[in-house]
Amino acid sequence: MPSGPHNSSKTRRWLLSSPPLEWATSLIQSVFINSIKQGPVPQHIAFVMDGNRRYARKSHIETTEGHNLGFEALARILEICYKSGVKVVTVYAFSIENFKRSKYEVDALMDIAKIKLSQLSQHGDLLDRYGACVRVLGQTSMLNPDVLEAINKAVEVTKNNNKAILNICFPYTSRDEITTSIRKIVMLSTTAPHVSPPASPSLSDFSDNSTSTHTSATATANPSTPPPPYADIESITEQTLEQHMFTVGCPPLDLLIRTSGVQRLSDFMLWQCHQDTELVFVDALWPAFDVWTFLPILVNWGLKRNKEIEKGLRDELVSRRRDEHEVRSKGDV
């Protein structure tokens, strides 16, 4: 029998499923998660779920089975995220560039997505348990009607969940998102006398800093509301573009994780990455990316943020003492 990461993972899962080890594993996970919740928790995490095909090749299984195992890994990671207090998870499920792959693989990916989205609609226990709603971000017009139907059902079933968000980028690229944002602004500027921008969904719309469903913004007629002054090019700012991105209303991106050892963003979250976004590249292929790889990343992120907060407080204290000293010196004069 050929050996590979799949057989190793199966053996590990079998061992961990024995009652004593399962109890110990659950206990250790709880300790980790409780420690994470005591400090700063990333409010928005993005994942580039890379390595499904390589995992399948190394494990001597069908490519479609590798993608299936990738969806199972996502469910495990989502639970850890929401248990730890993460509000928004954004996953790169399918790039527009992936349409260039073989028709067999594209069709298989679409079938898997349809099945998994249908499962979310019928048995959305995980999302309901943590109050997470589904938002599909990207050019959904490129998808087949049956896939669109599955998307709409998943969005509809979870629309009342208001504690967290699962953003599924499908099909998506950052360049397309930025282009779409600019296109919306141009549309608003040319129809400014009669059109006002739609209300942006925001986590602050909910009692627990939560969610909404959003695929793309469309202009709504409202003659009584002053139109946005986009006809004046100087009025278009960074904030203007931000308000028309697919991720409008989500908190800033704190942490972006890519599996498989590849160190590039691959046209994902280019706009959302900022000076404080931490990029983490791990060698594990996505189906093998488990909680024991993920939890230390969360712990390290919290420790770094604590150090930054402590440094900021020290700098503020030093500055305040310096100011007080200067005031006293002037008083003595």
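Cut-offs used in this document
Residues numbered from 1 in each chain as written. Predicted model: local features only at pLDDT ≥ 70, side-chain atom pairs only at ≥ 80, totals over all residues. Heavy atoms only, no water. Salt bridge = Lys/Arg side-chain N within 4 Å of Asp/Glu carboxyl O. Helix = DSSP H or I, 4+ residues; strand = E, 2+ residues; numbered from the N terminus. Buried < 20%, exposed > 50% of the residue type's maximum accessible area, 1.4 Å probe, protein only. Contact = heavy atoms within 4.5 Å. Polar contact = N/O pair within 3.5 Å; in protein donor to acceptor, adjacent residues only side chain to side chain.

1. Things to note about the pattern of salt bridges
Using the criterion set out here, one finds 15 salt bridges in the structure. The salt bridge involving Arg258 is made with Asp50; its shortest N-O contact spans 2.9 Å. In this pair, Arg258 sits in strand S7 (residues 255–258) while Asp50 sits in the loop between strand S1 (44–48) and helix H3 (52–59), placing the two residues 208 residues apart along the sequence. The burial state of Arg258 is the same as that of Asp50; both residues are buried. Across the salt bridge formed by Lys304 and Glu278, the nearest N and O atoms sit 2.9 Å from each other. Remark: Glu278 occurs in strand S8 (residues 278–281) and Lys304 occurs in helix H10 (residues 291–332); sequence separation between them is 26 residues. When its relative accessible area of 43% is taken as the criterion, Lys304 is described as partly exposed.

2. Here's the deal with the environment of Asp176
Its location among the elements puts Asp176 in helix H8 (residues 174–190). Taking C-alpha positions, Asp176 is 8.1 Å from Gly138, a pair spaced 38 residues apart along the chain. In contact with Asp176, not counting residues within four places along its chain, are Ile96, Gln139 and Phe246. There is a polar contact of 2.9 Å between the side chain of Asp176 and the side chain of Gln139.

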